[in-house]
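One-letter residues, chain by chain:
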Amino acid sequence: MNRSLVLVVNCGSSSLKLAIVEPESGDRFVEALAERLFTAQAGMTIHFREAGKTVIRLPDADHAQAFEVFAAHLSTEKEMNSRIIAVSHRVVHGGEYFRCPVLVDGDVLQKIDACSGLAPLHNPANLQGIHAAIRHFPELPHVAVFDTAFHQTLPETAYVYAIPYELYEKHQLRRYGFHGTSHNYLMLEAARKLGRPADQLNLLTLHLGNGCSACAIRQGRSVDTTMGLTPLEGLVMGTRSGDLDPGLILHLLEHMDFSPKEVDELLNRRSGLLGLSGLSNDMRTLAQAAQSGNRQARLAIEVFCFRLAKTIAALSVSCSPLDALVFSGGIGENSVQIRQRTLTWLAPLGFAVDEQKNSVHGKDSNGRISPMSTPDVRVIPTDEEVMLARGAASLIAGESP
Ligand code: ADP
């Protein structure tokens, strides 16, 4: 049987990721990635499952031009085109407006635009992707899925900053949280693996990629998370500092002649693993360097694991008794060492690691990497694209997400 397909659109500030996904199975029929947009080196790779890869140079192209090239390649695939029932767009910031996927209309576009002040790099790019896709597929329903939506269940105690309350009331300065689509997927997968309904589970999910965040889930709802007003808060990341004393920012501004733009650049692009190691934002590179005796690479890895362990301990107040701790994202899914070091810090809370299971990422034990007598720790690969496809398909089918 030829099942329905969803075109998934994920627009970054200088990249465009596209996939044609079958929502039920998660199968990909086409995947495309355009990178370094707005530069002379811009290019796109399109991978058709049947016909193989095509690499296209797109000097100085923007999102709309990259989308046009993708759509032109797709137009020759008549049968596949006829099976696409919706376009699903990843949108980074939905503010307090959106708690679930929504059909894109004028009002939704206006609200996404209104959230641009809170995500200046992301929401305008997301809007570009939506406009380009609507131009090419005006007959299809377009659905927006928000990174912040899963965290809209946070209690007020977890989302307010301890600053004058009117800054929240008048200017919506609060914690929102991100990577919600991934944390939501990890919750559903953990429920499947544990054989229990998601709304009866207490979980701690870790999305550890270039950006990193953790989420405390109580009975199926996000109740605390590490990212805040922006994706800069929380854990140590590839190039982002995560938490630090706000006084440090004042010091940079007042005593070291940094401009706000320079502080932004320092904390978002030159800090984290890259800043500490002075070498790379990539965990694989750091692991190799640390093994060859590079002291700063080793320090960066140690700080990453220590901060992660401290955060897990702090979040566990919101989701005890814990049913499972879940590692995911490029680092969480692949790094034996990071999981081992982090769990070693957590030994005072009873956590332990089974070295054999950890060494194969839990692949021979349904994801589980901890001994049976200790808290359940799992490795679960995330899949944000399938969540985007399913979110759109359920909305079109009139099911509640
Ligand atoms: P993104 O957030 O861009 O989707 P990913 O989830 O792909 O990123 O994660 C990228 C990170 O995962 C990089 O730091 C990379 O080095 C790390 N990573 C991937 N494979 C391994 C591995 N085998 N060991 C350690 N780190 C890894």
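Quick notes on the rules
- Residues numbered from 1 in each chain as written.
- Predicted model: local features only at pLDDT ≥ 70, side-chain atom pairs only at ≥ 80, totals over all residues.
- Heavy atoms only, no water.
- Pairing = 2+ DSSP bridges.
- Helix = DSSP H or I, 4+ residues; strand = E, 2+ residues; numbered from the N terminus.
- Buried < 20%, exposed > 50% of the residue type's maximum accessible area, 1.4 Å probe, protein only.
- Phe/Tyr/Trp six-rings, centres within 6.5 Å; stacked < 30°, edge-to-face > 60°.
- Contact = heavy atoms within 4.5 Å.

## Concerning the pairing of strand β5 (residues 52-57)
When a strand is regular, its side chains alternate between the sheet's two faces. The pairing of strand β4 (residues 43-48) with β5 spans 6 bridges and is classified as antiparallel. Within β5, the residue paired with Thr45 across the bridge is Val55. Hairpin connection of β4 to β5: 3 residues between the antiparallel strands.

## Observations regarding the environment of Pro348
Secondary-structure assignment places Pro348 in the loop between α14 (336-345) and α15 (355-359). Here Pro348 falls in the exposed class, since its relative accessible area comes to 72%. Counting along the chain gives 156 residues from Pro348 to Arg192, while the straight-line C-alpha distance between them is 29 Å.

## A look at the sheet that holds strand β1 (residues 5-11)
Pairing within the open sheet is mixed, and its 8 strands lie in the order β5-β4-β3-β2-β1-β6-β8-β7. Edge positions in the sheet fall to β5 and β7 (102-103), since each of these pairs with one other strand and no more. Pairing of β1 with strand β6 (residues 84-91) involves 5 bridges; the strand directions are parallel. Its bridge partner being in β6, Val6 is matched across the sheet by Ala86.

## Some remarks on the packing of aromatic side chains
By the definition in use, this model includes 7 aromatic pairs. Measuring from centroid to centroid gives 5.6 Å for Tyr165 and Tyr168, while their planes differ by 70°, and the two rings are edge-to-face. Residue Tyr165 and its partner Tyr168 are both found in helix α6 (residues 165-171); the two are separated by 3 residues, about one turn of the helix. You can call Tyr168 buried: its relative accessible area is 14%. By the ring-pair criterion, three or more aromatic residues cluster together here, those being Phe67, Phe70 and Phe137.

## What to know about the environment of Leu322
For Leu322, the position within the fold is in the loop between α12 (295-315) and β12 (324-328). The spacing of Leu322 and Asp376 is 54 residues in sequence and 8.2 Å in space, taken between C-alpha atoms. The contacts of Leu322, once residues within four sequence positions are left out, are Asn202, Leu203, Leu204 and Phe351.

Spatial relationships are all this shows, so hold off on functional conclusions.
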